[in-house]
Amino acid sequence: MSPVARHRRQRELADTPRPGSLEEELIRRLYEEFGSALLGHCMRLTGHDRQWAEDIVQETLVRAWRNAEKLERDPVLLRSWLFTVARRLVIDDRRKRSVRPQEFELTPSDESPQGNEEDRTLAAIVVAEAMNGLSEEHREAILETYLRDRTVGEAAAALGVPPGTVKSRVYYALRALRRALHDRGESR
């Protein structure tokens, strides 16, 4: 552990209330009395992001504990102080997020350049020509299962043939399409 990390950890441990201490009792009492109202307030402030709201509640209570000797004991003023601290924490978090560039994950479509419209049109023509080279039964099986997005059972009902026949036609049609596209130099 680096010296900076060790110092940070020692500070966190020093800032943690000891079990059974007055500080722990203060936090417990604050949470019991104001926790649900404070969480509801934070939920509204964070756009109903529960995890963020819970983090804000926790940090608010830690700040209350750190400033225990300065806190007003009047419940109305204490509630007001807690809500103000929570609101300021949310504002600070939003400011941090707006300054920090947003991170994005690359998707496979982001990684490779999109083909232009002419490429897509040319590919559609090549596939249409390959489809025209199939028998009518094979073409219908591909049309029903892939282009109309039907299940084998639905395609069988539409074509008036058994499901096994549809499976067989699709298998042989795809094999013929692969061969036709390969012969044209279009397969990848």
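Everything discussed here concerns the structure shown above.
Below you will find a few notes about this structure. (Residues numbered from 1 in each chain as written. Predicted model: local features only at pLDDT ≥ 70, side-chain atom pairs only at ≥ 80, totals over all residues. Heavy atoms only, no water.)

## Quick word on the nonpolar core
Alright, step 1. Residues Leu30, Leu38, Cys42, Ile56, Val57, Leu78 and Leu82 are the most contacted members of the largest nonpolar core, which totals 22 residues.
Alright, step 2. For this core, the secondary-structure elements that each account for two or more residues are helix H2 (22-45), helix H3 (50-66) and helix H4 (75-99).
Alright, step 3. With residues near it in sequence (within four places) discarded, Cys42 still touches Ala53, Ile56, Val57 and Ala86.
Alright, step 4. Ranked by size, the runner-up nonpolar core spans 12 residues in total, among them Ile142, Val161, Val166 and Val170. (Core = buried A, V, L, I, M, F, W, Y, C linked by side-chain atoms within 4.5 Å. Buried < 20%, exposed > 50% of the residue type's maximum accessible area, 1.4 Å probe, protein only. Helix = DSSP H or I, 4+ residues; strand = E, 2+ residues; numbered from the N terminus. Contact = heavy atoms within 4.5 Å.)

## Structural notes on the pattern of salt bridges
Alright, step 1. If you walk through the whole model with that rule in mind, you get eight salt bridges.
Alright, step 2. Its salt-bridge partner being Glu54, residue Arg50 comes within 3.1 Å of it at the nearest N-O pair. Here Arg50 pairs with Glu54, and both are found in helix H3, just four residues apart, close to one helical turn.
Alright, step 3. A relative accessible area of 45% places Arg50 in the partly exposed class.
Alright, step 4. Looking at Glu54, the relative accessible area reads 39%, which means it is partly exposed.
Alright, step 5. With its nearest N and O atoms 3.0 Å apart, the salt bridge here joins Arg63 to Glu59. With Arg63 and Glu59 both in helix H3 and four residues apart, the pair spans about one turn of that helix. (Salt bridge = Lys/Arg side-chain N within 4 Å of Asp/Glu carboxyl O.)

## Considerations on H4
Alright, step 1. With 25 residues, H4 ought to run about 36 Å at 1.5 Å a step, and its terminal C-alpha atoms sit 36 Å apart, in line with that.
Alright, step 2. Of all the positions in H4, only Leu78, Leu82, Phe83, Val85, Ala86, Leu89 and Val90 are classed as buried. (Expected span 1.5 Å × (residues − 1).)

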